[in-house]
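Now for the letters of each chain:
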Amino acid sequence: VALDGESMRPLRPCLLWMDARSAPQTERILEKCRGDPALNVNCGGEGPLSAEWMTCKALWLKENEPEVWSKAKLAEYQDWINYQLTGEMVASSCNAASRWHWDGEECLKDPTDADPYPGRPMSLYRKLGIPELANKLPRKCLPMGSVIGGLTP
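Residues numbered from 1 in each chain as written. Predicted model: local features only at pLDDT ≥ 70, side-chain atom pairs only at ≥ 80, totals over all residues. Heavy atoms only, no water.

Chemist: So, the overall build of the chain: which residues are in play, and what are the values?
Modeler: Assigned secondary structure in the chain consists of seven helices and four strands. Since a compact globule built from 153 residues should have a radius of gyration of about 15 Å, the 15 Å found for the chain is in line with a globular shape. With the C-alpha coordinates aligned to their principal axes, the bounding extent of the chain is approximately 45 × 30 × 30 Å. Per-residue burial for the chain yields a buried fraction of 44% across its 153 residues. For the chain, restricting intrachain contacts to residue pairs at least 6 apart in sequence, the fraction spanning at least 24 positions comes to 63%. Surface accessibility of the chain: about 7,900 Å² in total, with carbon and sulfur atoms responsible for 55%. In the chain, the 18 positive side-chain charges and the 21 negative ones have mean positions that sit 3 Å from each other. (Helix = DSSP H or I, 4+ residues; strand = E, 2+ residues; numbered from the N terminus. Rg over C-alpha atoms; globule rule 2.2 N^0.38 Å. Buried < 20%, exposed > 50% of the residue type's maximum accessible area, 1.4 Å probe, protein only. Contact = heavy atoms within 4.5 Å. Areas by Shrake-Rupley, 256 points an atom, 1.4 Å probe, with all protein chains shown as cover. Lys, Arg positive; Asp, Glu negative; His and termini not counted. Charge placed at Lys NZ, Arg CZ, Asp CG, Glu CD.)

Chemist: Can you break down empty space enclosed by the protein residue by residue, with the values?
Modeler: Overall, the coordinates contain one cavity of 30 Å³ or more when judged by the stated rule. Roughly 210 Å³ of internal volume is contained in the largest cavity. If you tally residues by element for the lining of the largest cavity, the top one is helix H2 (residues 54-64), at four residues. Of the residues that constitute the lining of the largest cavity, the class distribution is 14 nonpolar, no polar and five charged. (1 Å grid on protein atoms, 1.4 Å probe; cavity = no way out; pocket = protein on both sides within 12 Å on 5 of 7 lines; lining within 4 Å. Points joined across faces, edges and corners; volume = space filled by probe spheres on them. Nonpolar A, V, L, I, M, F, W, Y, C, P; charged D, E, K, R; others polar.)

What is shown is where atoms sit, not what they do.
Structure below.
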């Protein structure tokens, strides 16, 4: 879900998991980033990558809808639903590790001045020319099954 960074309202219809329009971006990611440690979760970095995953969709959005990209914060649909229910924007470590190429343990750490994006695949993002993606995705990541917060009124 591409969300307005101020209002947290959707900027465009959601790119659901099954949307595969970012297939060309998956090929480019493998070409440019083969061997990057962030891709090790996917067949030792040799692929395949899925057009369903966040990095591929984010790259597609930047290339095809730059006006949306420039304003957007990004989240999985379930993260946005949880935000609507709790007022807390958080990512699940399961999605972050398996579909966002994050380090599933490191991403649970709090950001610090020395490491503002713990567990994020910054080398991958830099190779793709999208280092700003780290700031567009939820800053907080919780273990799968964690309580996010109470329901908002």
